[in-house]
Amino acid sequence: MTLGRTRFETELQVRPDDIDMNQHVHASRYHDYVLAARYDQMARCYKLSMEEFIQAGFGWFVKSAHLEYKRPLLIGDSFTVRTWVDEIARSDVKVCFEIIRKATGKLCCDGWFGYSMVSLRTGRAEAIPDWIIAKYSV
């Protein structure tokens, strides 16, 4: 299958409640940042909002995640979350990401998430229909 692997970007900012006792963003927040960016990009970039996806009877389950922290984000930092669909297989999608501090252009974190598409009716993994693959193949 040929994927366009177009990279989409979402800008976010570190909030005070993202900060841990070491005065930088807690590791778990990076998961939240990627998920927030994907939610935005589904509607804005892929023209398939999460609401439409749910109405079609589907959901995404985070099957695996790999994150590599390069440098910390700090309170007030603005940053860009860049994501792209790297692979699509039967019921799975691999989405790669980079989180880049806006002021310096430096990479703070990168990695990938493995998602399985599930039927909301059964809760089980389901083959990704061609019409969804077409949306993600940009």
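Residues numbered from 1 in each chain as written. Predicted model: local features only at pLDDT ≥ 70, side-chain atom pairs only at ≥ 80, totals over all residues. Heavy atoms only, no water.

Before going further, it helps to examine the nonpolar core. Tyr33, Leu73 and Ile99 are the most contacted members of the largest nonpolar core, which totals 35 residues. Elements that contribute at least two residues to this core include exactly helix H1 (27–44), helix H2 (50–55), strand E2 (58–69), strand E3 (78–89), strand E4 (92–101), strand E5 (107–119) and helix H3 (130–136). Discounting residues that sit within four places of it in the chain, Tyr33 has contacts with Leu12, Val14, Asp18, Val25, Leu73, Phe79, Val81 and Ile99. (Core = buried A, V, L, I, M, F, W, Y, C linked by side-chain atoms within 4.5 Å. Buried < 20%, exposed > 50% of the residue type's maximum accessible area, 1.4 Å probe, protein only. Helix = DSSP H or I, 4+ residues; strand = E, 2+ residues; numbered from the N terminus. Contact = heavy atoms within 4.5 Å.)

Attention shifts here to the side chain of Thr83. Inspection of the secondary structure assignment puts Thr83 in strand E3. A distance of 2.9 Å separates polar atoms of two side chains, one belonging to Thr83 and the other to Arg38. Once residues lying within four places of it in the same chain are set aside, the contact partners of Thr83 are Thr6, Arg7, Phe8, Arg38, Gln41, Val95, Cys96 and Phe97. (Polar contact = N/O pair within 3.5 Å; in protein donor to acceptor, adjacent residues only side chain to side chain.)

Moving on to the sheet that holds E5. The antiparallel open sheet is built from five strands, whose spatial order is E1-E3-E4-E5-E2. If you trace the sheet from one side to the other, it starts and ends with strand E1 (8–13) and E2, each paired once. Here the strands of the sheet are splayed against their neighbours by 25 degrees on average, with no regard to which way each runs. Here E1 pairs with E3 via six bridges, running antiparallel. Within E3, the residue paired with Thr10 across the bridge is Val81. Seen against the sheet, H1 touches E1, E2, E3, E4 and E5 and runs at an angle of roughly 130 degrees to E1. (Pairing = 2+ DSSP bridges. Axes fitted to C-alpha atoms, helices over the stretch in contact; angles between N-to-C directions.)

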